[in-house]
Every structure is written in structure tokens, then in C-alpha cells.
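Examination of the molecular architecture
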Amino acid sequence: MIKEVICTGTTIDEARSKAIEELNAPEDADVNTEVIELPVKKLLGLFGGSPAKVRAYYEYEECPIQETLDYVAMIVRGMGLEGAEIRYEQTDGGYLLSIDGIDPARHGVIIGRRGETLDAIQYLASLVLNKTSEKYMRVSVNIGDYREKREVTLKNLAVRSAKKAVRTGRKVILEPMNPYERRIIHNAVQEVEGASSHSVGENMDRRVVITSDTPRRQAPKKGNGENRGRRPRRNEHGGRPQHNGGNRPHINDADIPDELIQSFTAQAEESAAAVELPAQEERPPRSDAPETGNLYGMISPKSEEE
């Protein structure tokens, strides 16, 4: 970039001195001067004539962050916070802006709820910086030590959530975060063995999902649905299967000799015939007719005479 000033004077030296003074170039700047017009004397000392015109200039490298610094300072002043100083530090692929000179008791005005106001200022600063830049440059805005504390909180959250995902086999979905905070979460999850993370959603609703590399085990179902509602099978002789407990041999009806079965049957018939049942007393048949006299409360039919 070139910064220049054009001044006039009665003589060339006077014009040059005025231009250099008004240019206010840094001490290490290489200032050049150029005579644009020579002075012309007045005719007969009364008419015409023109002063000398000199151009003073120097080349410099424009600071791409200066406009962004001025813009952030304007926002802070607009919030009613005077005396703020915006400092910057160049990082890999971007800049880190620090807001200084503000009473710590009023830092919350700039930070906002969960850093939402500070993130909004950071977003606007990124738009200003990258509006004319060919290569995207990342901007981070900080006040006090808020970003450092927030980074520690996010790392602890990421480790706890990753361990929970590995232990339970269930995915853990975090709240929406900006790209800077999501990057912190992803880096912290990589340090937990068996856990991985990815982002879902769009724009302001984009969030991190932490999952386990080991699939969740399904609990076995109680009973078998294939045999539900069916009757137990029967053996070849039509009977239900007998459970053989211990080492007792299983006895089938076909293994018993016919002579032994006939002997058992005859003994059972003789035992049944030998049993005598006690004789029952004969009771007279019941009758609704009274034995003697009229019973109290007996209802008799009325005669026709009555």
C-alpha cells in the first residue's frame, strides 16, 4: 500500500517540508517526494503566478487486522463500556483478539450467557476480517481468562461423556456449540480409548455426538417364543415324558412282563372285594304334612262361604 500527501508552497523546499510533515511517516519508512508543479512568479509582481506543488509518499504493508480491531472497539463502546483496548496476537491460520481495560466486574456484559455474546462478537469480527481476504483466517475473541476456563470445562465434559458412551454403549449428544468449542471436544474424545465423535446438525444447531466403538450388547429375551403356547410332547405310548432325576433308570411299560401285570391286577380285585362298606340307616321320607295339630303360621285355603 502507498500513503501519500500533496502540499503546496512558495518554493519547492517549502512544499516538500509541508508534505513530509503532514504525511507523518514512521521513522523507518522510506519517504519519497515528487515535484508535481514548479512555482511561477507573478507578472510584474501583481498578476498571475502559482505556487509549487510537491507529492510526498511511502509504501507500507497494510495490517489486515486493523479494520477488525477498530470494528470490535466500536462494538464495545456501543455496549457502554469505555476505555477498552483491543490487542491482537497472530496465530496459525488466524488471530487472537483480547479485550483489555474493562472492569472485571463487567466482563459478564461482553461474555453473556454461556459466552453467547462473546461468540457473536467473534462471529462479526470474522466476517469483517475475511470480507476482502482471499484465504480464510480464523478469529478468536477473548476477555480476561474466559476462553481458558471454558476450554478446561469442555475437556472435562468430553472425557466424562466419552467414558459414559463406552461404558453404556449408548451415544451421548451434547448441546450446540460453535466450531472452536466443537474442535476442543473432538480432540479430547480422541484421548479416550474406545470412543469416537462426529458432528450433526447445521448452522447454530450443530452439535457433537459421542459414540462407542463397541456395539451395545442386547439382553437375551426371557423364554423362547417358538414353544410358547404349545403343549408338552408325549412319548411313543401316549404318555407325557417322565423326568429322570439323578441316576435312576427309566422304566417303560413295555419292559414289565405280562405275567407280573396279571398278578398285580388279580390282587387289586381281591383287595377291593374284601372291603365292606358300613350299612346306611334307612330314613323315612320327608313330608310337608303336619303330624299333630295345626302349625303356627300355617296358611290354609279360604272357603267359598268366607
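The paragraphs below set out a description of the structure included in this document. (Residues numbered from 1 in each chain as written. Predicted model: local features only at pLDDT ≥ 70, side-chain atom pairs only at ≥ 80, totals over all residues. Heavy atoms only, no water.)

Observations regarding the overall build of the protein chain
When helices and strands are counted, the protein chain shows 7 helices and 9 strands. Scored against the burial criterion, the 306 residues of the protein chain give a buried share of 23%. The long-range fraction of contacts in the protein chain, counting pairs at least 24 apart against all pairs at least 6 apart in sequence, stands at 54%. For the protein chain, the accessible area works out to roughly 24,600 Å², and carbon and sulfur atoms hold 49% of it. (Helix = DSSP H or I, 4+ residues; strand = E, 2+ residues; numbered from the N terminus. Buried < 20%, exposed > 50% of the residue type's maximum accessible area, 1.4 Å probe, protein only. Contact = heavy atoms within 4.5 Å. Areas by Shrake-Rupley, 256 points an atom, 1.4 Å probe, with all protein chains shown as cover.)

Things to note about the nonpolar core
Residues V72, V76, I86, L97, I99, I110 and V141 are the most contacted members of the largest nonpolar core, which totals 23 residues. Where this core is concerned, the elements lending two or more residues are α2 (66-78), β5 (94-100), α3 (107-111), α4 (116-130) and β6 (138-143). The element best represented in this core is α2, accounting for 5 residues. Other than its neighbours up to four places away in sequence, V76 contacts L81, A84, I99, I102 and I110. Of all hydrophobic cores here, the second largest spans 15 residues; its members include A158, A188, A195 and V208. (Core = buried A, V, L, I, M, F, W, Y, C linked by side-chain atoms within 4.5 Å.)

Topic: the packing of aromatic side chains
Inspection of every chain in the model, using the stated rule, returns 1 aromatic pair. On the numbers, 5.9 Å between centres and 65 degrees between planes, the contact of Y88 with Y95 is edge-to-face. (Phe/Tyr/Trp six-rings, centres within 6.5 Å; stacked < 30°, edge-to-face > 60°.)

Side note on the sheet that holds strand β2 (residues 32-37)
One open sheet accounts for 3 strands, arranged β1-β3-β2; its pairing is antiparallel. The open sheet has two edge strands with one neighbour each: β1 (2-9) and β2. Strand-to-strand twist across the sheet, computed as the mean angle between neighbouring axes with direction ignored, equals 25 degrees. Where β2 meets strand β3 (residues 52-59), 5 bridges bridge the pair, whose relative direction is antiparallel. Residue pairing in the sheet places N32 in a bridge with Y57 of β3. Where helix α1 (residues 12-23) meets the sheet, its contacts fall on β1, β2 and β3, and the angle it forms with β1 comes to roughly 140 degrees. (Pairing = 2+ DSSP bridges. Axes fitted to C-alpha atoms, helices over the stretch in contact; angles between N-to-C directions.)

Things to note about the side chain of S126
In this structure, S126 sits in helix α4. Take S126: its relative accessible area is 11%, and that puts it in the buried class. For S126, the contacting residues outside a window of four places in its chain are Y136, M137 and V139.

Describing the environment of V54
Note that V54 resides in strand β3. A relative accessible area of 0% means that V54 is categorised as buried. Contacts of V54, omitting those with residues within four sequence positions, involve V5, I6, C7, I12, A15, R16, A19, T33, E34, V35 and I36.

Details of the packing of α2 against α4
α4 packs onto α2 with a crossing angle of 150 degrees between their chain directions and a minimal axis gap of 9 Å. With respect to the hand of their crossing, α2 and α4 are arranged in right-handed fashion. The residues of α4 that touch α2, namely those facing E67, T68, Y71, V72 and I75, are I121, L124, A125, V128 and L129. Split into classes, the residues belonging to the contact of α2 with α4 amount to 8 nonpolar, 1 polar and 1 charged. (Left-handed = near helix turned anticlockwise from the far one by under 90°. Nonpolar A, V, L, I, M, F, W, Y, C, P; charged D, E, K, R; others polar.)

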